[in-house]
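Residue-level listing of the chains:
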Amino acid sequence: VQLVETGGGLVQAGGSLRLSCTASGRTFSPWAMGWFRMVPGKEREAVAGITWRGGGTYYTDSVKGRFTISRDNTKNTVYLQMNSLKPEDTAVYYCAVRLHTGNLVRTDYDYWGQGTQVTVSS
């Protein structure tokens, strides 16, 4: 499975960005996909996750009400709509695939994208 992320960039505080992650490479039927982020000196943080069939979601507390995760099963794509961005959202964002039933929050996903930088200026 190959994952390609797009949509990162530089935005002012209060602005919006939408990240996309498209999977390819094999018959795609994962249990879930997730978005994580990492800043230097800190551990990778689970931002949001979504189950592929049922659409159940998870959000870390700091993004609830501001970020929305969604998926398009026909395009093998997961999105992260990020609104009301804050400087503390600055990080490299990674999407990931979990093939089998598990936990949306844990970082032991099976495949990872290359990451896309999101920078929020104050």
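Above this note sits the structure.
Residues numbered from 1 in each chain as written. Predicted model: local features only at pLDDT ≥ 70, side-chain atom pairs only at ≥ 80, totals over all residues. Heavy atoms only, no water.

Student: Looking at this model, I keep getting lost on the overall build of the protein chain. Mind explaining?
Tutor: When its secondary structure is counted, the protein chain shows 0 helices and 11 strands. At 13 Å, the protein chain has a C-alpha radius of gyration in line with the 14 Å of a compact globule built from 122 residues. Structurally, the protein chain occupies a C-alpha span of about 40 × 25 × 25 Å along its principal axes. Within the span of the protein chain, comprising 122 residues, buried residues form 44% of the whole. Of all intrachain contacts in the protein chain linking residues separated by at least 6 positions in sequence, the fraction that spans at least 24 positions is 56%. Summed over all atoms, the accessible surface of the protein chain reaches about 6,200 Å², with 47% contributed by carbon and sulfur. One way to put it: in the protein chain the 13 positive side-chain charges average out to a point 5 Å from where the 9 negative ones average out. (Helix = DSSP H or I, 4+ residues; strand = E, 2+ residues; numbered from the N terminus. Rg over C-alpha atoms; globule rule 2.2 N^0.38 Å. Buried < 20%, exposed > 50% of the residue type's maximum accessible area, 1.4 Å probe, protein only. Contact = heavy atoms within 4.5 Å. Areas by Shrake-Rupley, 256 points an atom, 1.4 Å probe, with all protein chains shown as cover. Lys, Arg positive; Asp, Glu negative; His and termini not counted. Charge placed at Lys NZ, Arg CZ, Asp CG, Glu CD.)

Student: Would you explain the nonpolar core in this entry?
Tutor: Side chains of a nonpolar character, in soluble globular proteins, are inclined to be buried together. Residues W35, L80, M82 and Y93 are the most contacted members of the largest nonpolar core, which totals 29 residues. Of all the elements in the fold, those that place two or more residues in this core are strand 3 (17-24), strand 4 (32-38), strand 5 (45-51), strand 7 (67-72), strand 8 (77-82), strand 9 (91-98) and strand 11 (116-121). When neighbours within four sequence positions are excluded, Y93 is seen to be in contact with E5, L19, W35, F36, R37, V47, F67, L80, M82, G115, T116 and V118. Counting residues in hydrophobic clusters, the runner-up holds 6 residues, among them A32, A46, A96 and L104. (Core = buried A, V, L, I, M, F, W, Y, C linked by side-chain atoms within 4.5 Å.)

Student: What's the story with the packing of aromatic side chains in this structure? I'm lost.
Tutor: Two measures describe an aromatic ring pair: the distance that separates the ring centres and the angle between the ring planes. Across all of its chains, the model carries 4 aromatic pairs by this definition. When the ring of F28 is compared with that of W52, the centres are 5.5 Å apart and the planes differ by 85 degrees; the resulting orientation is edge-to-face. On the criterion of sequence distance, the pair formed by F28 in the loop between strand 3 and strand 4 and W52 in the loop between strand 5 and strand 6 (57-59) is long-range, its members being 24 residues apart. Looking at W52, the relative accessible area reads 4%, which means it is buried. Where F36 meets Y109, the ring centres are 5.1 Å apart and the plane angle is 80 degrees; that geometry is what we call edge-to-face. Taken as a pair, F36 in strand 4 and Y109 in the loop between strand 9 and strand 10 (111-112) lie far apart in primary sequence, 73 residues in all. The class of F36 is buried, set by a relative accessible area of 0%. Taking NZ or CZ as reference, R44 lies 4.4 Å from the ring centre of Y94, over its face. (Phe/Tyr/Trp six-rings, centres within 6.5 Å; stacked < 30°, edge-to-face > 60°. Lys NZ or Arg CZ within 6 Å of the ring centre and 35° of its normal.)

Student: So what exactly am I meant to see when it comes to the state of the cysteines here?
Tutor: Within the structure shown, the criterion is met by 1 disulfide. Between the sulfur of C21 and that of C95 lies a disulfide, 1.9 Å long from S to S. With the S-S bond torsion at 45 degrees, the cross-link from C21 to C95 turns out right-handed. Note that C21 is positioned in strand 3 and C95 in strand 9, a separation of 74 residues in sequence. (Disulfide = S-S within 2.5 Å.)

Student: Before we go on, may I ask you to explain the environment of E5 in this structure?
Tutor: By the element assignment, E5 lies in strand 1 (residues 2-6). A relative accessible area of 5% places E5 in the buried class. Beyond its immediate stretch of four places on either side in the chain, E5 contacts S20, C21, W35, Y93, Y94, C95, G113, Q114, G115 and T116. At 2.6 Å, the side chain of E5 forms a polar contact with the backbone nitrogen of C95. In this structure the side chain of E5 is engaged in a polar contact, spanning 3.1 Å, whose partner is the backbone nitrogen of Q114. (Polar contact = N/O pair within 3.5 Å; in protein donor to acceptor, adjacent residues only side chain to side chain.)

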